[in-house]
Amino acid sequence: MSTQSDEEKGVLAALIIAFKDPDKAPSREAIKAKAIILADALGYSGDLQSIITEAEAVIPSRMNAGVSLIDVDAAHDEDWVHKREISTTYAEAYGSYLRSEGWKPTVVRTLLNDDGSKILGLLQDPTSDGEWKRRGLVIGHVQSGKTANYMGVIAKAADAGYKFIIVIAGIHNNLRKQTQKRVDEGFVGRSSDPANRINIGVGFNRNYPNPVTLTNINSDFNKQTANISGAQLNDFKNPVILVIKKNVKTLEALHIWLRELNAQGRDRIADVPMLVIDDEADNASINTNKPDIDPTATNAWIRKILRLFTKSCYVGYTATPFANIFIDPDAFDKEAYEELFPKDFIYSLDAPTTYFGPDKVFLNSESSSVILQHIDDCEEYLPFSHKNGFPVVELPPSLYRALDQFIIARAIRNLRGQSRKHCSMLVNVSRFVSVQKEVRSFIGLRLDRIREAVKANYKMPEAASSKNEHMARLRAVFDAEFAANEQGGRSFTWDNVKAELWGVFENLHSYVVNSKSDEILDFAKYEKDGAGLSAIAVGGLSLSRGLTIEGLTISYMYRNTKMYDTLMQMGRWFGYRPGYEDICRVWLPEDSINWYKHIALASEELRQQITRMRQANVSPRDFGLYVKSHPDSLMVTAANKMRSGEKVVLNQNLTGTLQESWLLPLDIDVNQENEELIAEYWRNGFGGIVQPTEKGWFVPDVDVERVYEFLTQFKAHKSARRRKADVTEYLDKIAWKFPKADVLLISKGPGDPAAYRLGAQDRTAEKNATPDKWQVSGYRVASRGDEKLGLTPDQISAAEELVSEDAGSKKKQPSDIHYRIVRNKPLLMIHVLEPVRNPKFTGYRVPAWGVSFPGGLYGSEFDIEVIANKVWLEEVYGSMDDSPEDDEDYDNE
């Protein structure tokens, strides 16, 4: 949200349009010059600094249209949207609203004309006769604009003739309220606040045909509210929309009202085309019960509501689709009817170039080295595993340092002209409300002391102010983290920042945010006054699911979970950071950083598989089978399947993946034997011809049997033997199709080829590494780009063509996934690693391997069977005892 005045918004919108589709990002001077001209023309005489900063961040942004998988056997015509004359009233109003809010025209055009039209085409034409139903899934990125996308779909669906729209907005009241507000602004056009029924957003157009909403920002749906109108759905001339919480009582009340008032004694509602948008569709909507028992209540009521209508479409939205793909597509319940599996379509959204996402935070070494901050002292203050009522006696020094960073970052943002923008800090260290309150109390005490110190010293000479311990710490944080930061060619000195420190405390407040809290993180209240809120939000699950924390700048999270969807949704720091991306910091423990990196790569592979499978003309069911057979599927299955040590049998498929020995022994004798094994096979050239590369040696077209033999003899850590066995079994499984493989001997520097000895590559070994086990940082042995080694110029060109297909107008380099595809044969990579940053193991040489497999191997003939239980899973992946359903702030009413 923006705290800009309408005049500022007008100048910003005009400025963005003035630089429509530039070939390259314009300079700050060019933007400033144009802003001065436009401000004069529009009669704006205020400060332009904030407008210029935001425009500078937004103008270069682009977004490509998404990619879809469809049921190729279904009799569905996606082009119905182009064959009908469809009104554009709601869609045009929404597009105009987004542009007035500073959205770039190219992004709005993609959102509505490209993605919006394509997704609408995947729905059914609401004027179609007979009975029909559609089930789909839209995959976005965390905090990337999924809400804006489905708002566009809603607008276009209303134009096309959908009469009844339900938005299911997560499991918490604060998220439902946030979504209702956005629906009011972008679709209804009128505030649903009973005390303030004014035109807002799209409703400023006096001829706008306001839709009807039966919910408001204060009240979820209930039968009494709906019955006040006494009307049936068809009595309303304009579309009817509800924004409801994913709550059993709410869904049941809605079902009863629809059945009693609208079905009128009939079994079904026959003449009202309806659309359900299920936000955070992987959360609570999924049926987690076993096939032989009834569906979970939330899942069942959603299905029953869909069943009431003879004409219905269900579209789930999520950034973490792993659980949705595990829905049984053939499941049926005599009361709840068909499951929510996205049998008809899966649509993968792109993100604009300005998206501050997992790649920048975790995968790009240059940016992640600045953004990521390591938590290594929290366990002695707030351990991962603690009980409700845990006595907090003090906060870890790293959290206090993060608090100091937040104060400095807020001061810098103020100096950049962003004082009226929101600025937030997230603290997520416990799932228990009682502990969250204790943490907030300690933060409050520290803020009081810093406030007193700043008040007394911010105008004092440095010689005097530096004697205060709090001022000295703030200065140290500035010098270490922010002194070199520039924005638009401007940087600030400590004297500049110190003079601004007192202004930081003007609207600085701390909050406990959970489902039981009566505190409201109300950004809108400050927007009305033209002020920016500085918020420190302490919480648990409420901070981890869908809730947008405006202006999030500093994040501090110490939580112990490895479930893909839970961990990615905790990443509230993803999103858009115009004008302050460079001062954002994310504090995490080493294990979480490593797992985030792993998930970011897996998620990127998943999205690229959609592109590959679209080209292969396969269906969502095929994609579901692929995801179920992905090596990481055990992680997704674990929480709901592995009860009481139950075994899980899965068909696993390693197509298009890189499998590595990232869990290694630090046993000198074992590693010496592995080095001798490498030397033996290198000496014989793996049966092929050894060729030098810029980073070691390459052996093309080796018999797969030689790779199999090598891996079988390579001694693995006891907890990694199962992983190695899976790789060798898969090699054997695909040998009939790929009898040859490539081998890379990757070396740092020249090594000693005469002695068949590789140069050791540095890899971080944290202090928890032991002689028994070393878990390589990032769960990754190879460096990015290693899989390019040994490829021919033609293959490299083919990889570049692939990435241009995937990225569209974005200029991106091929990733290892693209190199993997064009190589089109297995690749064995051999490394020797040296643990660094751990004096106990300096100078050690630790051999490791990785095997990447070609893509496109879909189908049971390429699967291997994996049998696992909870003990096995935790041995490979670590503890997973932090299930969100155990949170004290989990709202399951």
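Residues numbered from 1 in each chain as written. Predicted model: local features only at pLDDT ≥ 70, side-chain atom pairs only at ≥ 80, totals over all residues. Heavy atoms only, no water.

### Points about the overall build of the chain
Stated precisely, the cut-off is as follows: Under the scheme used here, helices are H or I runs from DSSP no shorter than 4 residues and strands are E runs no shorter than 2 residues, and both carry numbers assigned from the N terminus. Burial status follows relative accessibility: with a 1.4 Å probe on protein chains alone, a residue under 20% of its type maximum counts as buried, one over 50% as exposed, and anything between as partly exposed. Contacts are assigned to residue pairs that have any heavy atoms within 4.5 Å of one another. Each accessible area value is a Shrake-Rupley result obtained with a 1.4 Å probe; residue values ignore everything except the protein chains displayed when judging cover.
Broken down by element type, the chain carries 30 helices and 27 strands. By residue count, 60% of the 893 residues in the chain fall in the buried class. A sequence separation of at least 24 residues applies to 80% of the contacts in the chain between residues at least 6 apart. Accessible area of the chain: about 35300 Å², with a carbon and sulfur share of 48%.

### Some words on the nonpolar core
For the record, the criterion: Working definition of a nonpolar core: buried Ala, Val, Leu, Ile, Met, Phe, Trp, Tyr and Cys residues. They are joined through side-chain atoms within 4.5 Å.
Counting residues in hydrophobic clusters, the biggest one holds 69 residues, and the most contacted among them are Ile408, Val439, Val497, Leu501 and Trp573. Among the elements that take part in this core, helix α15 (residues 397-415) stands out by supplying eleven residues, more than any other. Apart from the residues within four sequence positions on either side, Ile408 is in contact with Leu474, Val477, Phe478, Phe482, Trp494, Val497 and Leu501. Listed in part, the 45 residues of the second largest apolar core include Ala148, Tyr150, Tyr208 and Leu349.

### Regarding unusual backbone geometry
Although it is not a glycine, Phe686 sits at a positive phi angle of roughly 50°. Topologically, Phe686 is positioned in the loop between α25 (668-683) and β20 (691-693). For Asn824, which is not glycine, the phi torsion reads 55° and is therefore positive. Its location among the elements puts Asn824 in the loop between α29 (816-823) and β25 (827-836).

### Description of the pairing of strand β13 (residues 508-513)
Looking along a regular strand, one sees side chains alternate from face to face of the sheet. Using the following cut-off: Strand pairing is assigned whenever DSSP identifies at least 2 bridges connecting the two strands.
Here β13 lies mainly inside the structure; five of its six residues are buried. Pairing between β13 and strand β14 (residues 534-539): six bridges, direction parallel. Within β14, the residue paired with Val513 across the bridge is Gly539.

### Points about the sheet that holds strand β7 (residues 311-318)
Rules: With axes taken as lines fitted to C-alpha atoms, and helix axes fitted only over the stretch in contact, angles between N-to-C directions fall between 0 and 180 degrees.
Spatial strand order, β1-β10-β2-β7-β6-β3-β5-β4: eight strands in an open sheet with mixed pairing. Edge strands, defined here as strands with exactly one partner in the open sheet, are β1 (67-70) and β4 (212-213). As judged from the six bridges shared by strand β6 (residues 274-279) and β7, these two strands associate in the parallel manner. When the sheet's bridge partners are listed, Met274 is paired in β7 with Ser312. Of the strands in this sheet, β1, β2 (132-139), β7 and β10 (345-348) touch helix α6 (residues 105-122), which is tilted by about 170° from β10.

### A few points about the environment of Glu861
Turning to its location among the elements, Glu861 is positioned in the loop between β26 (846-852) and β27 (864-868). Between the C-alpha atom of Glu861 and that of Ile734, which follows or precedes it by 127 residues, the distance is 8.7 Å.

### A word on the packing of aromatic side chains
Under the convention used in this document: Under the pairing criterion, centres of Phe, Tyr and Trp rings, with the six-membered ring standing for Trp, must be within 6.5 Å; the plane angle then separates stacked pairs below 30 degrees from edge-to-face pairs above 60, leaving the rest tilted. Think of it as a cone above the ring: NZ of Lys or CZ of Arg counts as a charge over the ring if it is within 6 Å of the ring centre and within 35 degrees of the ring normal.
Under the counting rule described, the total for this entry stands at 25 aromatic pairs. Note on Trp682 and Tyr756: the rings are 5.5 Å apart at their centroids and 75° apart in plane angle, and the pair reads as edge-to-face. Of this pair, Trp682 sits in helix α25 while Tyr756 is found in the loop between β22 (740-746) and β23 (761-764), placing the two residues 74 residues apart along the sequence. In this structure Tyr756 comes out as partly exposed when scored by relative accessible area, which is 25%. Chaining the aromatic ring pairs together yields one cluster made of Tyr681, Phe686, Phe710 and Phe714. A cation over an aromatic ring shows up here: Arg413 above the ring of Tyr580, its NZ or CZ 3.6 Å from the ring centre.

### Considering the side chain of Gln609
Assignment of secondary structure puts Gln609 in helix α22 (residues 590-615). Given the relative accessible area of 7%, Gln609 is considered buried.

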